[in-house]
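Coordinate analysis (summary)
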Amino acid sequence: MKYVYLFGDGKAEGTAKMKNLLGGKGANLAEMNLLGIPVPAGFTITTEVCTHYYDNNCEFPSDLNSQILESIEATEVVMGAKFGDTQNPLLMSVRSGARQSMPGMMETVLNVGLTSKTIPALIKKTNNPRFVYDAYRRLIMMYADVVMEKSSGIETQNEHGIRHKLESLLTEYKNKNNYINDTDLNEDDWRLISDQFKKEIKSSMGIKFPDDPMEQLLGGVKAVFQSWNGERAINYRRIENIPDKWGTAVSVQTMVFGNMGSNSATGVAFTRNPANGDNKFFGEWLTNAQGEDVVAGLRTPNPLNEDTKTEDTQNLPSLESSMPDIYAKLFKIKIQLEKHYSDMQDIEFTIQEGRLWMLQTRVGKRTGAAAIKMAVDMKNEGMINKTTAILRVKPDQLDELLHPMLNSDSEDKATILAKGLPAGPGGATGRLVFTADDAESWHNNGEKVILIREETSPEDVHGMHASEAILTAKGGMTSHAALVARGWGKCCIVGCGDLQINLKNKEVEVNNQILREGDWVTMNGTKGYLYKEKIDLVPANPDSHSEYKVLMDWADEFRKLKIRTNAESPSDAAQAINFGAEGIGLCRTEHMFFDEKRIIAMRKMILADNNEDKRSAIMELLPFQKEDFKGILKAMEGKPVTIRLLDPPLHEFITLDDKQISELALKLNIDEETISKRISSLHELNPMLGHRGCRLGIAFPDITEMQARAILEASIELIDEGVSVFPEIMIPLVGTVTEYIDQADIVKKTAKKIENESGKKLKYLIGTMIELPRACLTANEIAQHAEFFSFGTNDLTQTTYGFSRDDIGSFLPDYLERKILSHDPFQSIDVKGVGRLVSIAVKEGRGVNSKLKIGICGEHGGDPSSIKFCKESGLDYVSCSPFRVPIARLAAAQSEL
Ligand code: PEP
Ligand code: MG
């Protein structure tokens, strides 16, 4: 079996199409070779080796080593140098590369092949001993950390880890010799440091740093495969839904060096601006540096070209002006790559002694705003077609446009505390936390937090995910924090050099002011400004992005599903219409009863001891409800509005403490004991399954009658005012057709009465929520009577699984961690179970009633993968919260493509 694929010298055994086998990096390295782009030669070990390794108790296939040896020989021929040679040695890098990029989540080992035998040869060859020992100390540090420690399963806390120990040695050495920057250290310094590093490794770990090139290489390969199952890679896969079984490939590639002097350099670039989508070549570079220096953010990188310079970078040298010939070559490659891949590329390059080498190309991560702009621009430039443009934007990326920005008036009044690089747009406000673990635990306690770090590393991802925003003292626009935040659409500022972070005391000094853990701060991620106070946020206005509107119009051309919204106030309804909602799919009515004037009538009804008093209390609510419904129906003029009759158990309206009981007793002239007794009689052991939904309307038919009357009288009044209305009355939590018939009869009789009273004909629908398994299984009976179904997948999920909606949080993390569930079924529909019930109900319902209108109004109605399921199941519409309406529009279009 073939496990290793070569690339180099304009030839390659793989292509860009082979991502599953060669990983993104390996596939693209092969492709760049085929395109004639200069790439250092090497080979890729396939993802199948990774899966074999894990399926076989961490053993590699028996013929892997011989294939690696053959590939090294082939690489040597292309590069004209030999691995481990004492005359002309070749050095290698060993890098990970999964099918889908997992930035920084796995390990890398560089400069492999430096040993006591190859060092003198390389010094002779390069005539640059400082460079050779600098490379050697990097190899020792990386190798000790990644191969000798992490991959051999030694779990260490940060300060006990070998990397930390070696870094401390270096800091101590620099302090002792009054060195400030790494560039201050000379050849002898790096040689001494390398010796000290090796001694420390021997004494801390009890083993020697290997001096054999092959041992280094195979150790590196194993460590990279091992890092597929490192904690941070696993965490990242869980967040990004990347299957564990994919595995990573390993690319072994000839080293080229950007740190061989002033005509060497290294950089990263995007073919278009990943933050705003502008069609401008955008990137960062450093002279005399290795790639890790740019990404680690230890030195402030220079801008790539003149026209992307900012206020902060205007005095720094651009590659365009410093090395114009190389820049011209790079620019040509950028054009070639973008055209070839028809998408924005994220590229890495190294210039070794005036010669340009490409090390990587991949589809670049981008903000939501940039994704939309690029998709629309590329379609208009003729690079992609309309359907590709629609598919280019992930529905959830729209969130970023829909997310709050800082209120500009309040922001104008606030004083900027510090400035950094605007790595992730939008506004955020939250309380400062200093570690990723704190971010996660504060977040779990319901706090909004902003994570502040010197710089982030992949170990911080869980805390970054839990934070409203991320703020770092170091790093550039391509640093880890910037890439990860951008991928998630989070507000983020990096490289905020004024921050003096004291991690031990959990405080930060910023321009002579001290901020401590828990202090509120606000960030404007679009401008890179940090404020000390809390600043109010305003809802986003996606309409200000012209490309957004274009893309949404394109999506509307393709989608067949209608998009409705869940809204219960005229202002929410208006917001949703703004976002493109075509009706209301769920107007819950329970929150309408909590107003001071209404709740008293409700409580009077609950406490009444005879039907007459009950009815008169309920009817007190009629005028209020009529106003509510008029407001909603008017806001949705001409669009269908599904109003659900009262759903929650009654105790929710009368949860009172002793003082409130006394006050109520006085107001209603009932003794306290009666109230207390009634409250305890309403107590339910399992309220989510208790006396709620249509069971309420059956016990208290006057409630159904009052609500039906309110809806229909509101409709008549509006029609009289010239407003067209389409009310749909929805009966909740039906489990048997008899329940449905009982409630629908009350609605129909009430409608008849109103028609007689007013002399007008009413147009309305009556239907039901389908949120119990029994309702799905008897849909053929219910659909003979109902005019529409709306799947209440929140309750349907709860009742199908037997998980309570209210306390699944107590065990869900365990379930996800142990893969007992692949995802939270309350977020994304469980296709196998709940979905099967939905399909049965659709099929059987339509089987007896071909006109049956069917939608969904559970939270899943705004979830892209559930929307795809809804389309495949033949639903007419999905209904979701106003802010998810644009996401649903796009997801619905994508489900057709
Ligand atoms: C549902 O159960 O899915 C639903 C939309 O109703 P609620 O969330 O109000 O129970
Ligand atoms: Mg429900």
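Heads up: the structure comes first, above all this text.
Note that the structure is predicted; figures quoted are calculated from it, not measured. (Residues numbered from 1 in each chain as written. Chains lettered and ligands numbered in written order. Predicted model: local features only at pLDDT ≥ 70, side-chain atom pairs only at ≥ 80, totals over all residues. Heavy atoms only, no water.)

**Topic: the overall build of the chain**
Test applied: Secondary structure elements are taken from DSSP: a helix is a run of H or I of four residues or more, a strand is a run of E of two residues or more, and numbering for both begins at the N terminus. Based on C-alpha atoms, the radius of gyration is set beside the globule rule, defined as 2.2 Å times the residue count to the power 0.38.
Each helix and strand counted, the chain has 36 helices and 34 strands in total. For 897 residues, the compact-globule formula gives about 29 Å, and the C-alpha radius of gyration of the chain, at 32 Å, lands near that figure. Dimensions along the principal axes, computed over C-alpha positions, put the chain at roughly 105 × 55 × 55 Å.

**Describing helix H23 (residues 611–620)**
Note the threshold: A 1.4 Å probe rolled over the protein chains alone gives each residue an accessible area, and that area as a share of the maximum for its type sets the label: buried under 20%, exposed over 50%, partly exposed in between. This arc describes the spread of directions from the helix axis toward the C-beta atoms. Working rule for contacts: check all heavy atoms of both residues, and any pair within 4.5 Å makes them a contact. Definition of a polar contact: a pair of N or O atoms within 3.5 Å, with one able to donate and the other able to accept a hydrogen when the atoms are protein atoms, and with sequence-neighbouring residues admitted only if both atoms are side-chain atoms.
Residues of H23 that are buried include every one of Lys 614, Ala 617 and Ile 618, and no others. All buried residues of H23 fall inside an arc of 100 degrees around its axis, so they share one side. The elements touched by buried residues of H23 are helix H22 (596–607), helix H24 (622–635) and helix H28 (701–720). Residue Asn 610 occupies the N-cap position of H23, its side-chain oxygen lying 3.1 Å from the main-chain nitrogen of Glu 612.

**Details of the coordination of the magnesium ion (ligand 2)**
The following threshold applies: Distances up to 2.8 Å from the metal define which N, O and S atoms are donors, and 3.2 Å serves for Na, K and Ca; water is absent from the atom set, so sites may look incomplete.
Donor atoms from the polypeptide that coordinate the magnesium ion (ligand 2) comprise Glu 771 (OE) and Asp 795 (OD), at 2.0 to 2.2 Å from the metal. Residue Glu 771 is located in the loop between strand S31 (765–770) and helix H30 (773–777), and its partner Asp 795 is located in helix H32 (residues 793–801); the two are separated by 24 residues in the primary sequence. Just as Glu 771 is buried, Asp 795 falls in that class too.

**A closer look at the environment of Ala 617**
Within the element layout of this structure, Ala 617 appears in helix H23. Of the residues examined, Ala 617 reaches a relative accessible area of 1% and is grouped as buried. Sequence separation between Ala 617 and Tyr 529 is 88 residues, and the spatial gap between their C-alpha atoms is 56 Å.

**What to know about the nonpolar core**
Inclusion rule: Nine residue types can take part in a nonpolar core, namely buried Ala, Val, Leu, Ile, Met, Phe, Trp, Tyr and Cys, and a core is a set of them joined through side-chain atoms within 4.5 Å.
Of all hydrophobic cores here, the largest spans 122 residues; its most connected members are Leu 398, Met 602, Met 605, Leu 650, Phe 789, Phe 791 and Leu 875. If one sorts the elements of this core by residue count, H28 sits on top with nine residues. Beyond its immediate chain neighbours, meaning those up to four positions away, Met 605 contacts Lys 614, Ala 617, Ile 618, Leu 650, Phe 700 and Ile 703. Among the nonpolar cores identified, the runner-up in size contains 81 residues, and Tyr 3, Ile 72, Val 94 and Ile 193 belong to it.

**Comments concerning unusual backbone geometry**
Note: most peptide bonds trans; most residues except glycine with negative phi. With phi around 50 degrees, Ser 342 is a residue other than glycine that occupies positive phi space. The topology assignment puts Ser 342 in the loop between helix H12 (324–341) and strand S12 (345–352).

**Concerning the packing of aromatic side chains**
Put simply, the test is: Note on ring pairs: Phe, Tyr and Trp rings are taken, using the six-membered ring of Trp, and paired if centres are within 6.5 Å. Classes follow the plane angle, with under 30 degrees stacked, over 60 edge-to-face and the rest tilted. Criterion for a charge above a ring: Lys NZ or Arg CZ within 6 Å of the ring centre, and within 35 degrees of the ring normal.
Tallying each qualifying case throughout the model produces 16 aromatic pairs. Measuring from ring centre to ring centre gives 6.0 Å for Tyr 327 and Phe 331, while their planes differ by 40 degrees; the resulting arrangement is tilted. Here the residue Tyr 327 and the residue Phe 331 both occupy positions in helix H12, the gap between them amounting to four residues, near one helical turn. Among the residues examined, Phe 331 registers a relative accessible area of 32% and is labelled partly exposed. Here the aromatic cluster, defined as three or more aromatic residues joined through ring pairs, consists of Tyr 53, Tyr 54, Phe 60 and Phe 225. When the ring centre of Tyr 133 is taken as origin, the NZ or CZ atom of Arg 191, which lies over that ring, is 6.0 Å away.

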